[in-house]
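An overview of the molecular structure
Each chain, letter by letter, is given below.
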Amino acid sequence: MSISAELAKRIVGLRYEDLPLEAVSSAKMAILDTVGVTLAGACEEATMAVERALGAGAMSGPCLVFGRNRRTTCLDAALINGTAAHVLDFDDCSNTLGGHPSAPIMPALVALAEEVNASGHEVVLAYVAGFETEAHIARAVNFHHYQKGWHPTATLGIFGAAAACARLLGLPEERVSTALSLSVSLASGVKANFGTMTKPLQVGQCSRNGLFAALLAREGFTANPKAFEDKEGFLNVFNGPGTFDAAKILDHWANPLDIVAPGVAIKQYPCCGSTHPAIDAMIQIVRAHRIRPEQVCHIDVWIHARRLAHTNRPDPQSGLDAKFSVQYCVARALMHAKIIREHFEGDAFRDPEVRRVMERIRVAPYTKVQFDSSNHFGAELAVRLVDGNAYSAKVQSALGRTSKNPLSVELLKTKFENCAMRALSPEHVSQLYSLIRRLDHVQSILEVTAIMDTDPLRQCRPAIAKNSLRSSLAVVQQPASHWRPTPRLNPH
């Protein structure tokens with residue numbers, strides 16, 4: 001059988017009652033986080049530009065445009081909401097994917113679920129199927145795929161979106177296989193556009209295209225079942241001969257589920273995940289020694305060479321560009337002992353004080369002596385003060401990066417509230433939080449989207465003032481109270 005056919009068999013064979021409680025728990029956590037960042041991202045200029053380009057109001061339909069007083073077709077909703085989900089770079093990450101797993105899947109899945117009136121547990125199952133699919137394809141091609149310049153969130157996330165939507169539609173194996181093969185031709189996205197509006201657009205487009213592939217497959221569309229392994233197929237074209245291991249796509253399927261281990265990484269900061277361990281290290285030093293920017297002579301930062309390649313940006317030229325500047329992010333962490341959304345809005349990146357701090361920051365790839373060569377999630381930071389004192393910190397992995405070091409329920413709830421309140425009232429935010437916490441028991445996804453569509457204001461609100469944000473969004477090395485799964489009901 002072809003790779004797409006073997007994947008289809010596994011996707012169709014995945015059953016809700018077989019999901020471990022940890023998988024359901026992690027899925028709800030990721031869905032909650034994605035809904036929150038999508039609501040916040042709905043207010044961004046890139047998202048609104050996509051909506052305008054599509055023709056606001058021109059196409060009506062059953063699917064909610066997050067943060068707006070309107071509904072549209074499922075494909076347009078996936079594109080707009082997919083862009084919104086990634087525009088702040090605040091959405092979750094996957095160590096396996098080398099990118100963001102939920103932003104490609106959830107916008108497409110929610111739009112389709114509205115159209116077919118799917119239940120909460122059906123959405124959870126489809127989400128897990130999509131997550132597992134994109135992760136397994138990533139195992140075969142990374143990290144060469146990433147280093148070559150592809151944007152894995154888009155080029156691999158499309159398979160997650162297609163698998164999730166095909167599973168929700170209940171397509172038979174042959175048509176799920178077709179949806180995956182179709183997605184090979186619809187996959188795109190390059191890292192050259194990081195730091196611009198095109199990066200989130202790539203994710204919106206992959207979410208739409210994954211859904212489109214599933215809908216086409218439902219209609220009997222055709223595609224080469226060997227689109228992955230063909231000499232002119234995905235593996236050879238996107239990666240190149242000798243740079244992938246196709247067997248890894250099918251090995252150890254759901255054993256364990258990737259969403260369980262290594263798990264989903266929830267971001268604390270609205271910037272590139274490659275900067276997060278350095279931010280954590282800087283905040284640790286600031287809190288331990290209460291240093292101020294004027295006391296600092298220079299700062300040395302070491303992160304993995306793979307991550308330094310796209311974060312060594314000593315002179316960011318926009319807020320989006322600053323999200324990928326390790327120098328900018330470390331400087332903000334020194335100045336404020338936290339990183340918040342407002343640090344990347346407007347002309348914040350031009351702040352003369354932060355620019356003066358950035359001039360004293362030196363970055364370099366870390367060595368095998370500093371970190372095990374297999375760890376590309378760490379950072380080391382050394383600060384020398386003008387009085388001669390020196391302090392250092394070493395972070396093996398940012399808080400929340402794996403299921404072994406999860407973000408606490410309290411921090412996740414705070415992040416969700418701060419994000420969602422850019423588009424909804426506090427009352428509706430609270431209702432939405434409670435409903436997603438028990439999503440596996442919700443009879444219809446329409447209950448969830450109705451809350452976002454019944455807010456009397458139903459419009460983007462101005463960003464929350466800096467001094468009103470709770471400081472718990474900064475790194476707090478506290479024991480995590482785990483995301484507790486609700487008891488399973490029989491979905492049948």
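As the structure is a computational prediction, the values presented were derived from the model and not from experiment.

This paragraph deals with unusual backbone geometry. Omega for the bond connecting N142 with F143 falls within 30 degrees of zero, at 5°, which places this linkage in the cis form. When you line up the elements, F143 lands in the loop between helix 6 (120-141) and helix 7 (144-148). A cis geometry characterises the amide bond from N255 onward to P256, with omega recorded as -5°. By the element assignment, P256 lies in the loop between helix 12 (234-239) and helix 13 (259-263). Backbone geometry places N117, a non-glycine residue, at a positive phi of 55°. Inspection of the secondary structure puts N117 in the loop between helix 5 (102-116) and helix 6. Given a relative accessible area of 43%, N117 falls into the partly exposed group. You will see that A254, though not glycine, has its phi angle at about 60°, which is positive. Given a relative accessible area of 31%, A254 falls into the partly exposed group.

The next point concerns the packing of aromatic side chains. In total, this model carries ten aromatic pairs according to the counting rule given. Plain terms: the ring middles of F159 and F228 are 5.1 Å apart, the flat faces sit at 45° to each other, and that makes the pair tilted. Placement of F159 in helix 9 (residues 157-169) and of F228 in the loop between helix 11 (198-218) and helix 12 is noted, with a sequence separation of 69 residues between them. Taking the relative accessible area as the measure of exposure, F159 reaches 0% and is therefore buried. Three or more aromatic residues joined by ring pairs form one cluster here, namely W150, F159, F228, F234 and F238. Positioned over the ring face of Y146 is K191, at 3.6 Å from the centre of the ring. Here K413 stacks its cationic end above the ring of Y433, 5.3 Å away from the centre of that ring.

Time to look at the sheet that holds strand 3 (residues 296-303). Across the sheet, four strands lie side by side as 4-3-5-6; this open sheet has mixed pairing. The sheet is open, and its two borders are formed by strand 4 (361-365) and strand 6 (390-395), each paired with just one other strand. The average angle at which neighbouring strand axes cross in this sheet is 15°, direction not considered. Sheet strands touched by helix 14 (residues 276-289): strand 3, strand 5 (379-385) and strand 6. Its angle to strand 6, the strand with the most contacts, is close to 140°.

Of the residues in the protein, 91% reach a pLDDT of 70 or more, and the chain-wide mean stands at 91. Highest mean pLDDT in the protein belongs to helix 9 (99); lowest belongs to helix 15 (residues 305-311) (93). Note that residues 462-492 has pLDDT below 50 and, in this model, 78 contacts with residues that lie over four places away or in other chains.

Turning our eyes to something else, we now look at the pattern of salt bridges. Within the structure shown, the criterion is met by 26 salt bridges. A salt bridge links D89 to K199; its shortest N-O distance comes to 2.9 Å. Here D89, found in the loop between helix 4 (74-87) and helix 5, pairs with K199, found in helix 11; they are 110 residues apart in sequence, far enough to count as distant. K199 gets classed as buried once you look at its relative accessible area, which sits at 4%. Here the salt bridges do not stand alone but share partners, grouping E44, R341, E342, E345 and R422 into one network.

Along the chain, G195 turns up in the loop between helix 10 (173-186) and helix 11. You can call G195 buried: its relative accessible area is 10%. A sequence separation of 254 residues divides G195 from T449, and the C-alpha atoms of the two residues are 31 Å apart. Setting aside its immediate chain neighbours within four residues, G195 contacts R313, S318, L320, D321 and F324.

Among the nonpolar cores identified, the biggest contains 99 residues, and Y127, F234 and L432 are the most heavily contacted of them. Excluding residues that lie within four positions of it along the chain, F234 makes contacts with I137, V141, H145, T155, L156, F159, V184, A187, A227, F228 and N239. Listed in part, the 39 residues of the second largest apolar core include I299, M335, V357 and L381.

Rules used in this analysis
- Residues numbered from 1 in each chain as written.
- Predicted model: local features only at pLDDT ≥ 70, side-chain atom pairs only at ≥ 80, totals over all residues.
- Heavy atoms only, no water.
- Helix = DSSP H or I, 4+ residues; strand = E, 2+ residues; numbered from the N terminus.
- Buried < 20%, exposed > 50% of the residue type's maximum accessible area, 1.4 Å probe, protein only.
- Phe/Tyr/Trp six-rings, centres within 6.5 Å; stacked < 30°, edge-to-face > 60°.
- Lys NZ or Arg CZ within 6 Å of the ring centre and 35° of its normal.
- Pairing = 2+ DSSP bridges.
- Axes fitted to C-alpha atoms, helices over the stretch in contact; angles between N-to-C directions.
- Contact = heavy atoms within 4.5 Å.
- pLDDT = per-residue confidence, 0-100.
- Salt bridge = Lys/Arg side-chain N within 4 Å of Asp/Glu carboxyl O.
- Core = buried A, V, L, I, M, F, W, Y, C linked by side-chain atoms within 4.5 Å.

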